[in-house]
Amino acid sequence: MTTTTLAVLVPLLPFLGSAAGLLLGRAAPGFTRPLAVLPTLAAAVLAVVVAARQGGGKAIDAATQLTPTGSVPIDLALHIDGFAALVAVLVGVVATCVQVYSTGYLRDDPRYSSYAALVSLFTSAMLLVVYSGDLMVLLVGWEVMGICSYFLVGHYWETPEARSASLKAFLVTKLGDVPFLIGLFALAADAGTFRITGVLGAVAAGGLDHPTLVALLLLAGVAGKSAQFPLHTWLPDAMAGPTPVSALIHAATMVAAGIYFVARLLPVFASSAAALIVLAVMAAVTMVGSALAALAQDDIKRVLAYSTIGQLGYMSGALAVGDRGAAVFHLLSHGAFKALLFLAAGAVIHAAGTNSLTAMSRMSGLAKRIPDAYWTMTVGLLALAAIPPFAGFFSKEAVLVAAEHTATGERTLAPAGAGWIVLVAGLLTALLTAAYAMRLWLLAFRGRGAEAPSHGRQPIAMTTVLWVLAIPSLGFGLTAGYLDDWFDGHPLTPTVTTAVLGTGLAVVGAAITYAVRRTLVARTTPPPAVPAGTAPAPAAGVLAAPTVAHPDAEAGQVEAEALDLPHPAADPADPGRALLGPLYPHAATGFHLDAVYRTLFVRPVLAAASLVRFLDREVVDTYVNGAAGTAKGLGWLVRRAQTGNVQTYLSALLAGSVVLAIVAVVLANVAAGA
């Protein structure tokens, strides 16, 4: 087969698997798992073949006109360069891991067939975005991912958290998609085409009349889809969905789409210095704010969610300084270790019976209960903290090097101010990232109290996936010296300055967190070790044993139950509380952005809706009901006159005649007197 044919099959196979899964899920449940795993696995294999054939060389382009529009044509086009080839491999591999993991995690879920079909459709939509060479076709995949996320985040729809989270994710991302769509049309109007190659050619020729306006409109959609400030608030709440869905959204789809879009059209954004400054500020605020928030979260998945927001901020920062190679390199690296972290977190939640880090900190022996999740999550956290030689070190250093070169004037594609903004924020975030990674590890795996409940060995489908993802989380960064040709040719290897600064700050952040935890533990009375199934009242000064979900349920059910469990009282030995001090309660609520949006947007909209409802019910309906009542009253009068008595009719006729005669005489006399 030609490379073009193979590329067409990559997004098509998961789509066909999704359709077959929806059609056969109930009629033939035995086919559900093969239809979920095999098409996605085949797509991943074909994506690897396409990447090998593309080889980082000349881009592969193919197109056929989809429909005549009378103005700007829409083409069914492929555009596969080094970026697209590698990102498609990431999507395929992570999606396959998620599907395999889900066969164990949700093995008894009654809605597994629809879940698996939606995951396949989600994967297909992201692959369409990655390979598409036409912006309108890309938009189709972009929007399909939005609706898939709505259904998948709301998978546990029985819980109010999942229902509200799915609706919030849908509405916030749609809020960004409105200006995004306008920006696409404005871009096509200036360039005269929706083809990506045509748009880039128009930019190179100076054919954009409104580059700043177009770039800012597109950035609004990117901020919503990739959870960047100020449209990032949906992502932490989306943790109400199943853990494998969180892994897919955070690692390889949805949030990665916005970063990939900017990387694909970076010359459009680089044509406006103002847009790059806006992107740099947005990235800096996102990085630092999300890292502070992560340090104060109690839900293990919310810690990872804010972590994703911060790492996406690094990618946005790399794009703001004009280095899409560093951005996509970190996208690939982050996709591996973040998928690992979320899937390992699913195993931890299953074993602990809770998603609360405070509750986990009151259990002992959790690491021994789940050794596979413990060791692989440790690898993922080291990669997240950018400790060498793990993957996150090399990719994060590539971002810092790009920012350093822009700040010092070695590269002039972006303003030097953008470089300094990204560099300072990136170094500060490196310190905070290591701090919250260490906090998560200590609270989850170094708890004190009763023994963690035993569930036996995790399903082999889950543990195998964890070790598969641990390999790139550990070793992918070592490919930095070989990926230059796949990107723009800029070196991705670390420099001494940024490596020393970044790693040094990470070590300091982790060390301080560890020291604070040790100090606080020494001052705190450990919770009593009580037999399973008993819950005595704690003595004064002693921490209460946590409430956990059903210990014998399968992983998905445990997670669904954990959503409704109350989180225990704060752990006095929590290092996050001590490190943040008075900032802790604000960071724990995401700096009250939800409350701000509720005041500025939600309440006015609800008030306007209430006013419209009042006007419709009390004013419009009054006129309508009044007209109906008048007609009804006249009908009643006429009906009363219809008695069926001939004498009554004759009497009325005679009386009417007499009245008319009298009126005629009176009018005649009046006329004669005049």
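Refer to the structure above for everything that follows.
In what follows, the accompanying structure is described. Along every chain, residues carry numbers that run from 1 in the direction the sequence is written. pLDDT decides what is reported in this predicted model: residues at 70 or higher carry local features, side-chain atom pairs at 80 or more are listed and counted, and totals for whole chains, interfaces and linings draw on all residues regardless. The basis for every side-chain value is the complete set of heavy atoms in the structure, and neither hydrogens nor water enter the calculation.

1. Section: the overall build of the chain
Rules: Helix and strand definitions here come from DSSP, where helices need a minimum of 4 consecutive H or I residues and strands a minimum of 2 consecutive E residues; each element is numbered from the N-terminal end. Type-normalised accessible area, obtained with a 1.4 Å probe on protein chains alone, sets the label of each residue: buried when under 20%, exposed when over 50%, and partly exposed for intermediate values. Any pair of residues with heavy atoms lying within 4.5 Å of one another is described as a contacting pair. Residue exposure ignores everything except the shown protein chains as possible cover, and the areas themselves are Shrake-Rupley values with a 1.4 Å probe. Charge assignment in this entry is limited to Lys and Arg as positive and Asp and Glu as negative, and neither His nor the chain termini are counted. To locate a charge, take atom NZ for lysine, CZ for arginine, CG for aspartate or CD for glutamate.
Helix and strand counts for the chain stand at 27 helices and 4 strands. Of all 674 residues assigned to the chain, the portion counted as buried reaches 55%. A separation threshold of at least 6 residues defines the contact pool for the chain, and within that pool the share at least 24 residues apart is 81%. A total of about 26,900 Å² of accessible surface is found on the chain, and carbon and sulfur atoms cover 70% of it. One finds the centroid of the 36 positive side-chain charges in the chain at a distance of 7 Å from the centroid of its 35 negative side-chain charges.

2. With respect to the side chain of Thr 96
The following threshold applies: Distance and chemistry together define a polar contact, namely a pair of N or O atoms within 3.5 Å, with one atom able to donate a hydrogen and the other to accept it when in protein, and with adjacent residues in sequence counting only for side-chain atoms on both sides.
Among the secondary structure elements, Thr 96 is positioned in helix 3 (residues 82–105). At 3.3 Å, the side chain of Thr 96 forms a polar contact with the backbone oxygen of Thr 40. Ignoring sequence-local partners within four residues, the contact set of Thr 96 consists of Thr 40, Leu 41 and Ala 44.

3. Concerning the pattern of salt bridges
To keep things clear, this is the line we draw: When a carboxyl oxygen of Asp or Glu lies within 4 Å of a side-chain nitrogen of Lys or Arg, that pair is called a salt bridge.
The tally for this structure, following the rule as stated, stands at 10 salt bridges. A salt bridge links Asp 237 to Lys 168, with the shortest nitrogen-to-oxygen separation between them at 2.7 Å. Placement of the pair is Asp 237 in helix 9 (residues 234–237) and Lys 168 in helix 6 (residues 160–191), with a sequence separation of 69 residues. A salt bridge links Lys 174 to Asp 177; the shortest N-O distance between them is 2.8 Å. Here Asp 177 and Lys 174 lie together in helix 6, a separation of 3 residues that amounts to about one turn. As far as the burial class goes, Lys 174 and Asp 177 line up, both buried.

4. Structural notes on the state of the cysteines
Rule in force here: The disulfide criterion used throughout: a pair of cysteine sulfur atoms within 2.5 Å.
Applying the stated rule across the entire model yields 0 disulfides. Between Cys 97, a cysteine without a disulfide, and Cys 148, which holds the nearest cysteine sulfur, the sulfur-to-sulfur distance is 20 Å. You can call Cys 148 buried: its relative accessible area is 1%.

5. Topic: the packing of helix 10 (residues 243–251) against helix 15 (residues 324–352)
The packing of two helices is summarised by the inter-axis angle and the distance between the axes. Which entries qualify depends on this criterion: Angular values range over 0 to 180 degrees, each being the angle between N-to-C directions of two axes fitted as lines to C-alpha atoms, with helices fitted over their stretch in contact. Each angle is binned into one of four classes, with values under 35 degrees roughly parallel, values over 145 roughly antiparallel, values of 65 to 115 roughly perpendicular, and all other values oblique. Each crossing gets its hand from how the near helix is turned against the far one by less than a right angle, where anticlockwise is left-handed and clockwise is right-handed. In this classification, the charged set is Asp, Glu, Lys and Arg, the nonpolar set is Ala, Val, Leu, Ile, Met, Phe, Trp, Tyr, Cys and Pro, and all remaining amino acids, among them Gly, are polar.
Here helix 10 crosses helix 15 at 165 degrees, and the two axes come no closer than 8 Å. Here helix 10 lies roughly antiparallel to helix 15, going by the angle between them. Handedness of the crossing formed by helix 10 with helix 15: right-handed. Across the interface between the two elements, Thr 243, Pro 244, Ser 246, Ala 247, His 250 and Ala 251 of helix 10 pack against His 334, Gly 335, Lys 338, Ala 339, Phe 342, Leu 343, Gly 346 and Ile 349 of helix 15. In terms of residue class, the contact of helix 10 with helix 15 is built from 7 nonpolar, 6 polar and 1 charged.

Fair warning: the whole summary comes from geometry, so function is off the table for now.
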